[in-house]
Amino acid sequence: MNKFKAFVVKKKQRESTQPLIEDNNDIQDGFEQAPCTEYENPLVQNTLNIHKEQRLQSEEQITPEKLAGLLQVPLEDGSCCSTHRQLNAEQQHLCLVQRSVDQHFPKLPPDVDQNLHQYLENVQKMVITEFVRLGPPLTHMGLMGSLIDCYHRETFTRLDDLLQIVRSSKNSFELMKWVLHTYLSPEMLCHPELQEMDPIKKVDLLLFTQWVGKAKDKLLENVENEVKVFLEKILENERDEETVKDDLYVDTIQCIDAMIEAGRQISQKLSGRVQDVCFQELLNFLTQYTNEQTEILEKKAKVDKPEIKDFFKTLKNCKEIKQYIQTKEIKTSLLKETPAVLDNMETFTLKVLKEITADMTERYLKKYFKSENKDFLLLILDLKHLFSELQGFQGVQMRVVHEAYKLVTYLYLKHFIQRSKNKLLRCWSPDVGRTVYQDAEMLQETFSMMAPGVEQWHLMLLSVRELDECESFDAVKLTVAKMHDEYHTWSEFMEILPALLRWKGLSKRKIMELEDIQKDHPNYQPRAGSFSWFLCFYW
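Conventions we followed
Residues numbered from 1 in each chain as written. Predicted model: local features only at pLDDT ≥ 70, side-chain atom pairs only at ≥ 80, totals over all residues. Heavy atoms only, no water. Patch = residues over 30% accessible without salt bridge, like charges linked within 9 Å, V, L, I, M, F, W, Y side chains within 5 Å. Areas by Shrake-Rupley, 256 points an atom, 1.4 Å probe, with all protein chains shown as cover. Salt bridge = Lys/Arg side-chain N within 4 Å of Asp/Glu carboxyl O. Helix = DSSP H or I, 4+ residues; strand = E, 2+ residues; numbered from the N terminus. Buried < 20%, exposed > 50% of the residue type's maximum accessible area, 1.4 Å probe, protein only. Contact = heavy atoms within 4.5 Å. Core = buried A, V, L, I, M, F, W, Y, C linked by side-chain atoms within 4.5 Å. Phe/Tyr/Trp six-rings, centres within 6.5 Å; stacked < 30°, edge-to-face > 60°.

If you check an unreviewed UniProt entry, the protein appears there as Exocyst complex component Sec6 from Pagothenia borchgrevinki.

Take a look at the structure:
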């Protein structure tokens, strides 16, 4: 009979400690595990050893009734520990401590997403209150280590539950920040009123580090999903002509930067991981965006009078996002891939924009150099209309105007040299140089109003007048040398120069002589095929 009672007591002992046992294979990795008998679990045995050591230092024995009153819990509550009278004193004390933790620990709120912050504050307040209230008596009784250990484990059990519930990146960041910045800080376990008991020395930091690892993975998963959904909404708005905005880049940058900044408030390393996740989603987003924009711009370019606001908007979006990326430290292949996608989009957009400008300019110039009408003025009016909305896109207007101005000037020169001087005299006034001068000034006034400070490409047209007024070959040589100094970097103009000299009336021999002279110029660059280019018009 006595053997049977001993068996029952042993069985009850195992049952009473079972709720405290946690599966911690990581802790036991590397150790040979024997069959688990009572209290062989290292975590439970550690808790009991702490209690035993402190109890031996206690100067008085405490009764279960007195401890239950101090902990403000019922002596019996129907749980497995309610049979504590069959346990030894040490097991009874541990059972009551665990019951106190279960009873006082705040329950998870029904709506975690809305109440997470308040819940964490409640946990913080409750733990400090209980430690301060129970610290002196339980320390005297040798039980404070057990209380700290039980609260620590219960805290991370609840945090594990929260990881399964939390879906938003905002709450993921808040959870991680609370654990890393609050839990072990003077605001909680290092609270000034808890210095004597020093709770951090009595907690299992392995639980802490394991949870942080899981929380980081969950946080990055939530960030990835949230950024993906947000960027997809931006694309949907971009497709909707009724809701489309001119600042796609603003929403995009704000989305990415908010996530990175939230990570930085926790740790620089976490911020780097968040940035990698965000930039991968950004690359996917930009790839889809640029593919769709390419199709849109191609369609717009095919209409008779295309609206080019979307071209400006695309250039602005690419420029701003690229500048933002360049402010970040990216160590992966994303550093090259993402800007490359934007560079390709910018190149394509400018190419199509120049094609639109060239087509319109060509239509007017073909008539202008063959008639006495004022088609050049009409060209100026259409250029103003074409770029009328450019003012709303600060940051790209200089680049657009620079390319357009340069292109129109080049096309003017190309058509100019295709008409002989005699034909121009018949179509225009006797002073061809004066007409070119007036056209050049009109171009400068038009494009400088679009982008103040733009490079003065009209000066090349003014050089035409200067060249036309040269009365000697020596004067021509000086004018050509000046042109070479100022425009040697513009390959298109330097290729036209021989044909312009032929238009002036110089012979092939004198033109070749000028070419030989320019070879001694410090900025001379051979121009293969330059003579054959203009020969197709004259020889």
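Undergrad: Help me understand a nonpolar patch on the surface, please; the structure alone is not making it clear to me.
TA: A contiguous nonpolar surface patch, about 260 Å² in accessible area, is contributed by Leu377, Leu378 and Leu381. Note that Leu378 resides in helix H14 (residues 375-386).

Undergrad: Hey, could you run me through the environment of Pro339 in this one?
TA: Note on placement: Pro339 falls in helix H13 (residues 334-368). Look at Pro339 and you get buried, because its relative accessible area is 13%. Each C-alpha atom, one on Pro339 and one on Leu283, is 9.0 Å from the other, the two residues being 56 residues apart in sequence. With sequence-adjacent residues up to four places away left out, Pro339 is seen in contact with Lys322, Ile325 and Leu334.

Undergrad: Can you walk me through the nonpolar core in this structure?
TA: With 155 residues, the main nonpolar core has Phe131, Phe387, Phe416 and Trp428 as its most contacted residues. Of the residues forming this core, the biggest block, 14 residues, is contributed by H13. Non-local contacts of Phe131, meaning those with residues more than four positions away in its chain, are made with Met144, Leu147, Ile148, Tyr151, Leu189, Leu194, Met197 and Pro199.

Undergrad: Explanation requested: the packing of aromatic side chains in the structure shown.
TA: Each aromatic ring pair is described using two quantities: the centre-to-centre distance and the angle formed by the ring planes. Following the criterion strictly, the structure yields 17 aromatic pairs and no others. Each ring, one from Phe279 and one from Tyr324, has its centre 6.3 Å from the other, and the planes form 50°; the classification is tilted. Placement of the pair is Phe279 in helix H11 (residues 268-301) and Tyr324 in helix H12 (residues 309-326), with a sequence separation of 45 residues. Exposure class is identical for Phe279 and Tyr324. Each is buried. Taken together, a centroid distance of 4.5 Å and an interplanar angle of 45° make the contact between Phe416 and Trp503 tilted. A residue pair is termed long-range when its members are at least 10 positions apart, and Phe416 in helix H15 (residues 397-418) and Trp503 in helix H20 (residues 491-504) qualify at 87 residues. Phe416 sits in the buried class, given a relative accessible area of 1%.

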